[in-house]
Amino acid sequence: MPRPRFARLPAAKKERIMEAAAKEFAAHGYEGATLNRILAEAGISKGAAYYYFDDKADLYLTALIHYGQEMIDGLALEPTTFTADNFWTEMTAIYQYQFTSFQERPWVLGLIKGGGATSPVAAAAGPFADVLEGARNMLLHLIRHGQALGVIRRDLPEALLIDFV
């Protein structure tokens with residue numbers, strides 16, 4: 001996670017760094033992204049970068065969490081209000097919101113997909129695995145709620161349903 005100094009930066013500077021990082025990771029994937037290109041685009045020195053972040057993985061995870069939190073904050077996601085009658089309408093609204101957000105800032109989707117280029121070891125343990133597990137748990141909660149309402153099948157493996165969503 002970023003060092004506390006990053007949180008004290010002016011909002012515009014933090015956003016400039018996050019956007020530069022997200023665009024680089026979107027364009028080149030995690031493995032192909034370079035800290036030097038991110039820093040040049042953000043207009044900060046390498047020393048400043050290490051003042052705010054431990055390494056490239058820390059910057060990637062920070063950008064992923066930053067934009068992920070923005071996405072979540074924009075959702076009115078309260079699964080307990082989903083009923084059998086409105087479940088699929090609510091799910092459709094969630095996806096429409098995501099696609100509209102991605103259309104406005106396509107690098108955010110690229111950032112999320114860029115993590116797929118990480119090694120299997122990085123995806124299995126550590127901060128990347130934690131982010132993936134959090135998303136998986138959120139989907140699993142929605143799927144189980146839909147099953148309890150009787151609007152999602154119970155005869156398919158949960159892993160398949162999660163992958164499908």
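Thresholds, definitions, all that
Residues numbered from 1 in each chain as written. Predicted model: local features only at pLDDT ≥ 70, side-chain atom pairs only at ≥ 80, totals over all residues. Heavy atoms only, no water. Axes fitted to C-alpha atoms, helices over the stretch in contact; angles between N-to-C directions. Helix = DSSP H or I, 4+ residues; strand = E, 2+ residues; numbered from the N terminus. Parallel < 35°, antiparallel > 145°, perpendicular 65-115°, else oblique. Left-handed = near helix turned anticlockwise from the far one by under 90°. Contact = heavy atoms within 4.5 Å. Nonpolar A, V, L, I, M, F, W, Y, C, P; charged D, E, K, R; others polar. Phe/Tyr/Trp six-rings, centres within 6.5 Å; stacked < 30°, edge-to-face > 60°. Buried < 20%, exposed > 50% of the residue type's maximum accessible area, 1.4 Å probe, protein only. Core = buried A, V, L, I, M, F, W, Y, C linked by side-chain atoms within 4.5 Å. Expected span 1.5 Å × (residues − 1). Polar contact = N/O pair within 3.5 Å; in protein donor to acceptor, adjacent residues only side chain to side chain.

A. Region of interest: the packing of helix α5 (residues 56-74) against helix α6 (residues 87-104). One can describe the packing of α5 onto α6 by two numbers: an axis separation of 10 Å at closest approach and a directional angle of 135°. Accordingly, the angle class assigned to the pair α5 and α6 is oblique. Once α5 is placed against α6, the crossing between them reads as right-handed. The segment α5 lies against α6, with Glu70, Met71 and Gly74 engaging Tyr97, Gln98, Ser101 and Phe102. The residue makeup of the contact of α5 with α6, split by class, is three nonpolar, three polar and one charged.

B. Structural detail: the packing of aromatic side chains. The full count for this structure, using the stated rule, is 10 aromatic pairs. Here the aromatic rings of phenylalanine 25 and tyrosine 30 are separated by 5.9 Å at their centres, their planes lie at 15°, and the arrangement is stacked. The exposure class of tyrosine 30 is buried, given its relative accessible area of 11%. A ring pair is formed by tyrosine 95 and phenylalanine 99, whose centres lie 6.3 Å apart and whose planes are at 40°; its orientation type is tilted. Placement of the pair is tyrosine 95 and phenylalanine 99 together in helix α6, with a separation of four residues, close to one helical turn. Relative accessible area serves as the criterion here: at 27%, tyrosine 95 is assigned to the partly exposed category. The class for phenylalanine 99 is exposed, based on a relative accessible area of 54%. Grouped by ring-pair contacts, the aromatic residues Phe6, Tyr51, Tyr52 and Phe53 constitute a single cluster.

C. How the structure looks around the nonpolar core. Counting 31 residues, the largest nonpolar core has Ile17, Met18, Phe25, Leu59 and Leu111 as its most contacted members. The set of elements that each furnish at least two residues to this core consists of α2 (11-32), α3 (35-42), α4 (46-52), α5 and α7 (106-114). Take this core: its biggest share by element is eight residues, from α5. Look past the residues within four positions of isoleucine 17 in its chain and what remains in contact with it is Phe6, Leu9, Ala42, Ile44, Tyr52, Phe53 and Leu59. In this structure, Ile94, Leu140, Leu161 and Ile162 belong to the second largest nonpolar core, which totals 12 residues.

D. Here's a closer look at α5. Its 19 residues place the ends of α5 27 Å apart at the C-alpha level, agreeing with the 27 Å of an ideal helix rising 1.5 Å per residue. Along α5, the residues that are buried comprise Lys56, Ala57, Asp58, Leu59, Tyr60, Leu61, Thr62, Ala63, Leu64, Tyr67 and Met71. N-capping of α5 is provided by aspartate 55, with a side-chain oxygen placed 3.3 Å from the backbone N of alanine 57.

E. Examining the packing of α2 against α3 more closely. Packing of α2 against α3 leaves a shortest axis separation of 9 Å and a crossing angle of 155°. Comparing their axes, α3 and α2 come out roughly antiparallel. Note on packing geometry: the crossing formed by α2 with α3 is right-handed. For the pair formed by α2 and α3, the contact residues are Arg16, Ile17, Ala20, Ala21, Glu24, Phe25, His28 and Gly32 on the first element and Arg37, Ile38, Glu41 and Ala42 on the second. Of the residues contributing to the contact of α2 with α3, the split by class is six nonpolar, two polar and four charged.

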